[in-house]
Amino acid sequence: MTPLNVISLMVENKPGVLFNISNNFRRKGFNIHSITAIAGEDMDTTRITITVRGDAHEITKLVEQIEKMVDVIKVKRLDPLRTVQRDLALVKLSTADPMAQEEALDTINRYKGQILDIKPDTIIAEVTGSVNEVTEFMAEVKHIGIIEAARTGITAIEKGWITLEGNDM
Amino acid sequence: MTEMTGARAYVRALEKEGVTHVFGITGAALIPICDEMLDTDIRYVPGVHEQGSAHMADGYARASGRPGVVQVTSGPGATNIVTGVATAQLDSSPLVAFTGQVSMSMVGTDAFQEVDIIGVTASITKWNHQVREPGRIPWAVKAAMYVANTGRKGAVLVDLPKNVTTESAEMDFNAEVSFPGYRPRLQPDPAELEWAARVLSEASQPVIVAGGGVVSAGAGRELTELAELLMAPTATSLMGKGSIPSNHPLSLGLLGMHGREEANYLVPDADVLLVVGSRFSDRTTGALAGFAPGARIIHMDIDRSEIDKNVESVIKVWGDAKPCIKGLVDQIRAHRAGSGNGEWVHKIDEFRRSYEAPETPNGITGPAVIKAIRHALPGDALVTTDVGQHQMLAALHYDVYEPGTFLTSGGLGTMGWGTPAAIGAKAARPDRVVLNISGDGSFAMTENNLAVAVDEELPVVVVVLNNHMLGMVAQWQRLFMGGRYSAVKREYTLDFTELVKTYGAHGVKAESMDELNTELRRAVAADYTTVIEVPMDPEENVYPMIPPGMGLKDILTDDLP
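Now for a quick tour of the structure. Every value quoted in this text rests on a predicted model; they were computed, and no experiment measured them.

**Re the overall build of chain A**
So, point 1. For chain A, the helix and strand inventory stands at four helices and nine strands.
So, point 2. Overall, chain A shows an N-to-C arrangement of helices and strands of β-α-β-β-α-β-β-α-β-β-α-β-β.
So, point 3. Taken along the three principal axes of its C-alpha coordinates, chain A extends 55 × 35 × 35 Å.
So, point 4. Split into buried and exposed, the 169 residues of chain A put 39% on the buried side.
So, point 5. Accessible area of chain A: about 9500 Å², with a carbon and sulfur share of 54%.

Below is the structure:
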């Protein structure tokens with residue numbers, strides 16, 4: 001499988017901007033793997049993190065097309081070695097069996113997860129980590145019984161003083 | 001700040017932007033705006049179909065260098081301009097489209113004549129925007145003009161819901177337009193420019209390829225100066241035609257699939273290739289492997305995403321063609337006197353002589369018709385074309401003496417563009433003769449726009465090369481499909497010359513070159529619209545041609561025996 005690329009964007013917080021960006025991915029035949037977006041504190045901008053599989057060279061060309069969109073302030077393909085990445089999962093497990101509950105609590109603890117809700121027969125856990133860690137956790141608790149799960153996908157930020165807005169590509 | 005309706009503010013904002021003409025068709029959603037248009041000096045040019053109005057605005061933009069404005073109603077009015085918007089966007093022409101829309105309370109309900117034109121045009125506009133508050137109209141008009149006409153120019157669409165035009169608000173016509181992510185770059189990086197100048201100065205076989213960016217930047221004179229300084233033969237893409245005068249000794253003419261032999265043979269032999277304002281379209285480069293394989297490529301473009309998109313360059317200069325070329329000229333001047341390379345220039349002459357088109361026989365042929373048109377027209381006339389064989393004939397054989405006087409739909413290849421674009425160009429330049437070179441297939445797509453030319457007194461000349469074929473596709477079928485014609489023959493009952501008379505135009509058939517010359521002279525001198533139909537041999541191919549997928553030197557020059 002082609003590698004997962006992480007693309008970070010700062011855009012104007014306006015209707016249609018996210019559509020225009022994802023439309024660019026669609027046009028080149030890329031399937032967005034994950035996307036997170038939230039408006040900044042000033043409400044003028046939105047920060048978006050998109051992950052997508054594809055050839056790095058092709059992705060770089062796509063990034064240049066997105067860069068020239070009027071409503072896009074900054075866009076960058078992040079270097080994985082210089083980036084901190086996190087993924088968050090909310091997982092609801094079936095724990096009617098006390099053995100299952102014990103195993104679930106043990107596994108959640110090992111992954112430094114948090115218990116957000118506990119009922120006699122269900123547990124909701126929050127697990128945060130690298131994509132691999134979260135994926136491993138999901139695999140480990142699978143046999144216990146996942147009733148439902150939701151993941152944010154990657155959000156990422158560069159190490160040190162480098163920022164998305166601060167330096168030119 | 002003054003209070004007024006959105007419709008009035010819209011018209012005032014257009015006036016402030018210096019808009020002289022609005023092309024379009026009204027409709028329910030535009031009634032408030034068109035009512036206000038009674039009280040302005042802006043000329044409203046009513047169309048017969050919105051596609052034609054969009055092409056008129058595009059033609060106006062290309063002929064004047066200022067944004068062209070098309071204004072249409074919601075729903076079908078808006079969808080009818082989609083081809084016109086895409087045509088302008090692909091050729092980086094500053095077209096500004098205003099579409100009516102149902103009132104905000106109805107948006108999203110599939111109301112009568114509602115279409116999500118913002119969604120529809122998202123991928124064919126440089127920017128689009130729906131105005132949701134009347135007070136934002138002055139800003140939106142200003143922003144649309146600014147985005148369309150700065151940086152790499154392009155098409156912009158602004159959607160105006162009806163209630164936004166009827167409601168009143170305090171209007172601020174001095175609202176600042178700035179986008180934090182939109183910073184058009186004009187001045188190139190001096191270090192890159194210096195490197196480019198040094199490499200060009202040291203080149204022994206330099207060649208220049210000029211594209212539409214040179215024409216758009218008005219940098220024709222600077223380009224010619226640079227070519228002379230370097231003694232560098234200069235080819236152009238289709239959009240760049242005219243950036244160096246066709247009769248200049250260093251002009252190689254068109255490069256690419258239907259390029260001239262001297263251009264297609266010399267470009268691959270360059271040791272340094274300077275490409276300015278061209279995006280290396282597949283129609284220009286041929287197969288990439290055969291495109292200047294030994295050359296160090298210098299690419300100058302206003303759009304950074306074009307640099308290295310199709311062809312990897314060694315030196316990348318990001319900026320507007322005019323300061324880029326001017327900077328090169330200054331640096332090269334400072335470093336050395338333009339000595340030129342005698343051997344290389346001699347080779348150009350040799351090439352040119354060996355490919356000089358043979359004198360055509362007396363009959364009507366494509367090249368002869370185009371040369372007759374050139375001969376009949378004043379030097380500064382504006383020529384538009386439609387799309388197909390006649391377009392490539394014009395690109396090959398029509399000499400252009402002034403940048404921006406040859407207008408064609410290059411990127412999208414929109415058949416039917418030429419006639420309405422010529423009318424728009426005439427609106428922009430009433431002092432010039434405007435002539436559309438067309439074919440029967442293209443002409444029949446938008447010929448109803450002649451009604452506008454006649455009724456609005458925007459006289460143009462149209463020469464229709466009628467071979468009763470969709471000729472370019474027929475040529476491909478002859479060359480690459482074993483001569484099996486499919487879907488290309490046209491057995492018209494329609495008589496073009498009779499048809500155009502009902503629009504009030506003068507229609508005439510020219511059955512010989514003599515008749516054509518006479519009719520052209522008459523038409524050019526006349527102050528009314530004329531259509532000259534010229535019967536063509538349906539089997540005539542346009543040469544030279546590079547078969548699709550082949551390299552620049554794989555030129556077909558004649559029918560295979």
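**Regarding the overall build of chain B**
So, point 1. Helix and strand content of chain B: 23 helices and 20 strands.
So, point 2. Against the compact-globule benchmark of 24 Å for 561 residues, chain B has a radius of gyration of 24 Å, which places it among compact chains.
So, point 3. When the backbone C-alpha atoms are referred to their principal axes, chain B occupies close to 70 × 60 × 40 Å.
So, point 4. Taken over 561 residues, chain B has a buried fraction of 61%.
So, point 5. For chain B, long-range pairs separated by at least 24 residues make up 75% of all intrachain contacts whose partners lie at least 6 apart in sequence.

**What about unusual backbone geometry?**
Residue and element names in this part refer to chain B.
So, point 1. A cis amide bond links Tyr543 with the next residue in sequence, Pro544, at an omega value of 0°.
So, point 2. Here Pro544 shows up in the segment after strand E20 (530-535).
So, point 3. Backbone geometry at Asp110 places phi at a positive 55°, although glycine is not the residue there.

**A word on the interface of chain A and chain B**
So, point 1. Counting from both sides, the interface comprises 16 residues of chain A and, opposite them, 18 residues of chain B.
So, point 2. Summed over the shared surface of chain A and chain B, the number is two salt bridges.
So, point 3. Note that Lys68 of chain A is salt-bridged to Asp303 of chain B, the shortest N-O span being 2.4 Å.
So, point 4. Our count for the contact surface shared by chain A and chain B stands at five residue pairs in polar contact (both at pLDDT 80 or more).

**Thoughts on the pairing of strand E5 (residues 95-101) of chain B**
Residues and elements named next belong to chain B.
So, point 1. Buried residues dominate E5, accounting for seven of its seven residues.
So, point 2. Across the two faces of E5 the burial is the same, with Leu95, Ala97, Thr99 and Gln101 and Val96, Phe98 and Gly100 all buried.
So, point 3. Direction of pairing for E5 relative to strand E7 (residues 156-161): parallel, over a ladder of six bridges. Within E7, the position partnered with Phe98 by the bridge is Val158.

**Focus on the side chain of Thr99 of chain B**
Residues and elements named next belong to chain B.
So, point 1. Note that Thr99 resides in strand E5.
So, point 2. Within the structure, the side chain of Thr99 is placed 2.7 Å from the side chain of Asp159, a separation counted as a polar contact.
So, point 3. Discounting chain neighbours no more than four positions away, the residues touching Thr99 are Val72, Ala78, Ile81, Ile117, Leu157, Val158, Asp159 and Leu160.

**Describing the sheet that holds strand E18 (residues 461-466) of chain B**
Residues and elements named next belong to chain B.
So, point 1. Read from one edge to the other, the open sheet built from six strands follows the order E16-E15-E17-E18-E20-E19, with strand pairing classed as parallel. Unpaired on one side and paired on the other, strand E16 (406-407) and strand E19 (506-509) mark the two borders of the sheet.
So, point 2. Sitting on the sheet, helix H23 (residues 513-525) touches strand E17 (434-439), E18, E19 and E20, and the angle it makes with E20 is about 165°.

**Observations concerning a negative patch on the surface**
Residue and element names in this part refer to chain A.
So, point 1. Together, Glu41, Asp42, Asp44 and Glu165 make up a region of like negative charge exposed at the surface.
So, point 2. Along the chain, Asp44 turns up in the loop between strand E2 (32-39) and strand E3 (45-53).
So, point 3. Asp44 gets classed as exposed once you look at its relative accessible area, which sits at 53%.

**Remarks on the layout of surface pockets**
Any empty space left between atoms is shown by rolling a water-sized probe over those atoms.
So, point 1. Its volume calculated, the second largest pocket comes out at about 1600 Å³.
So, point 2. Lining the second largest pocket are 47 residues, and of these Gln65, Lys68 and Met69 of chain A together with Asp303 and Ser305 of chain B lie nearest its centre.
So, point 3. Only helix H1 (17-27) and helix H2 (56-67) of chain A together with helix H5 (82-90) and strand E6 (127-130) of chain B provide two or more residues apiece to the lining of the second largest pocket.
So, point 4. With six residues, the single largest contributor to the lining of the second largest pocket is H1 of chain A.
So, point 5. When the residues that make up the lining of the second largest pocket are grouped by side-chain class, the tally is 13 nonpolar, 14 polar and 20 charged.

**Quick notes on the packing of aromatic side chains**
Residues and elements named next belong to chain B.
So, point 1. Applying the stated criterion across every chain yields a total of 12 aromatic pairs over all chains.
So, point 2. Plain terms: the ring middles of Trp476 and Phe480 are 5.7 Å apart, the flat faces sit at 85° to each other, and that makes the pair edge-to-face. On the criterion of helical spacing, the pair formed by Trp476 and Phe480 is a turn pair, its members being four residues apart in helix H21 (residues 471-480).
So, point 3. Judged by relative accessible area, Trp476 falls into the partly exposed class, the value being 27%.
So, point 4. For Phe480, a relative accessible area of 32% gives the class partly exposed.
So, point 5. Residues Tyr492 and Phe496 carry aromatic rings whose centres are separated by 5.3 Å and whose planes lie at 70° to one another, so their mutual orientation is edge-to-face. Summarising the burial analysis for this pair, Tyr492 and Phe496 share the class buried.
So, point 6. Linked through ring pairs, Trp127, Trp139 and Phe179 together constitute an aromatic cluster.

**Things to note about the environment of Val158 of chain B**
Residue and element names in this part refer to chain B.
So, point 1. Structurally, Val158 can be placed in strand E7.
So, point 2. Exposure remark for Val158: the relative accessible area of 1% places this residue in the buried category.
So, point 3. Sequence spacing of Val158 and Ile117 is 41 residues, and the spatial spacing of their C-alpha atoms is 9.4 Å.
So, point 4. Residues within four places of Val158 in sequence aside, it is in contact with Ala97, Phe98, Thr99, His129, Val131, Ala140 and Ala144.

**Quick word on the side chain of Glu67 of chain A**
So, point 1. Note that Glu67 of chain A resides in helix H2.
So, point 2. Owing to a relative accessible area of 13%, Glu67 of chain A belongs among the buried residues under this scheme.
So, point 3. At 3.4 Å, the side chain of Glu67 of chain A forms a polar contact with the side chain of Arg304 of chain B.

**Describing the pattern of salt bridges**
So, point 1. Summed over the entire model, instances satisfying the criterion amount to 34 salt bridges over all chains.
So, point 2. The shortest N-O distance in the salt bridge between Asp117 of chain A and Lys119 of chain A comes to 3.0 Å.
So, point 3. The partner of Asp431 of chain B in a salt bridge is Arg429 of chain B, with the nearest N and O atoms 3.5 Å apart.
So, point 4. Given a relative accessible area of 57%, Asp431 of chain B falls into the exposed group.
So, point 5. Note on Arg429 of chain B: relative accessible area 25%, which makes it partly exposed.
So, point 6. Through salt bridges with shared partners, one network takes in Lys68 of chain A together with Arg152, Asp303, Glu306 and Lys309 of chain B.

**Topic: the nonpolar core**
A general tendency of soluble globular proteins is for nonpolar side chains to be buried together.
Residue and element names in this part refer to chain B.
So, point 1. One finds Leu273 and Phe291 to be the most contacted residues of the largest nonpolar core, which totals 56 residues.
So, point 2. With six residues, helix H14 (residues 321-335) is the single largest residue contributor to this core.
So, point 3. Contact partners of Leu273, with chain neighbours within four places excluded, come to Val207, Val209, Val267, Phe291, Ala292, Ala295, Arg296, Ile297 and Ile298.
So, point 4. Val45, Tyr60, Leu450 and Ala505 belong to the second-largest nonpolar core, a separate cluster that totals 45 residues.

About the criteria used
Residues numbered from 1 in each chain as written. Chains lettered and ligands numbered in written order. Predicted model: local features only at pLDDT ≥ 70, side-chain atom pairs only at ≥ 80, totals over all residues. Heavy atoms only, no water. Helix = DSSP H or I, 4+ residues; strand = E, 2+ residues; numbered from the N terminus. Buried < 20%, exposed > 50% of the residue type's maximum accessible area, 1.4 Å probe, protein only. Areas by Shrake-Rupley, 256 points an atom, 1.4 Å probe, with all protein chains shown as cover. Rg over C-alpha atoms; globule rule 2.2 N^0.38 Å. Contact = heavy atoms within 4.5 Å. Salt bridge = Lys/Arg side-chain N within 4 Å of Asp/Glu carboxyl O. Polar contact = N/O pair within 3.5 Å; in protein donor to acceptor, adjacent residues only side chain to side chain. Pairing = 2+ DSSP bridges. Axes fitted to C-alpha atoms, helices over the stretch in contact; angles between N-to-C directions. Patch = residues over 30% accessible without salt bridge, like charges linked within 9 Å, V, L, I, M, F, W, Y side chains within 5 Å. Lys, Arg positive; Asp, Glu negative; His and termini not counted. Charge placed at Lys NZ, Arg CZ, Asp CG, Glu CD. 1 Å grid on protein atoms, 1.4 Å probe; cavity = no way out; pocket = protein on both sides within 12 Å on 5 of 7 lines; lining within 4 Å. Points joined across faces, edges and corners; volume = space filled by probe spheres on them. Nonpolar A, V, L, I, M, F, W, Y, C, P; charged D, E, K, R; others polar. Phe/Tyr/Trp six-rings, centres within 6.5 Å; stacked < 30°, edge-to-face > 60°. Core = buried A, V, L, I, M, F, W, Y, C linked by side-chain atoms within 4.5 Å.

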